[in-house]
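Residue-level listing of the chains:
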Amino acid sequence: MKGSVMAASDDDRDWRAEADMRRLADAEEIRKDPKRLKAALAKAKEKISELQALQPEKK
């Protein structure tokens, strides 16, 4: 039983490493494309504003 739990954990780590590697490759492509980078940064600012609007006002 222990071996199967360990294998699942190893599989999960391997899957996560593959997914992270793809994200890093995507991020590098975005950094190299000024139009994509500008659009991504604008979307990030928009999302931050939306989230800040949800916060209760400080007294």
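Residues numbered from 1 in each chain as written. Predicted model: local features only at pLDDT ≥ 70, side-chain atom pairs only at ≥ 80, totals over all residues. Heavy atoms only, no water.

Novice: Describe the overall build of the chain, listing the residues and the values that go with them.
Specialist: Looking only at helices and strands, one finds 2 helices and 0 strands in the chain. As displayed, the chain has an accessible area near 5900 Å², and 59% of this comes from carbon and sulfur atoms. (Helix = DSSP H or I, 4+ residues; strand = E, 2+ residues; numbered from the N terminus. Areas by Shrake-Rupley, 256 points an atom, 1.4 Å probe, with all protein chains shown as cover.)

Novice: Explain the environment of Ala-40 residue by residue, including any values.
Specialist: Position of Ala-40 among the secondary structure elements: in helix H2 (residues 34–54). In sequence terms Ala-40 and Ile-30 are 10 residues apart; their C-alpha atoms lie 8.3 Å from each other.

Novice: Which residues make up the pattern of salt bridges, and what values do they have?
Specialist: A complete count under the given rule lists 6 salt bridges for this structure. Here Asp-10 ties to Arg-13 by a salt bridge, and the two come within 2.4 Å at their closest N and O atoms. With Asp-10 and Arg-13 both in helix H1 (residues 2–32), this residue pair falls 3 residues apart, about one helical turn. With a closest N to O distance of 3.1 Å, Arg-31 and Glu-28 form a salt bridge. Taken as a pair, Arg-31 and Glu-28 lie in helix H1 at a separation of 3 residues, close to a single helical turn. You can call Arg-31 exposed: its relative accessible area is 52%. (Salt bridge = Lys/Arg side-chain N within 4 Å of Asp/Glu carboxyl O. Buried < 20%, exposed > 50% of the residue type's maximum accessible area, 1.4 Å probe, protein only.)

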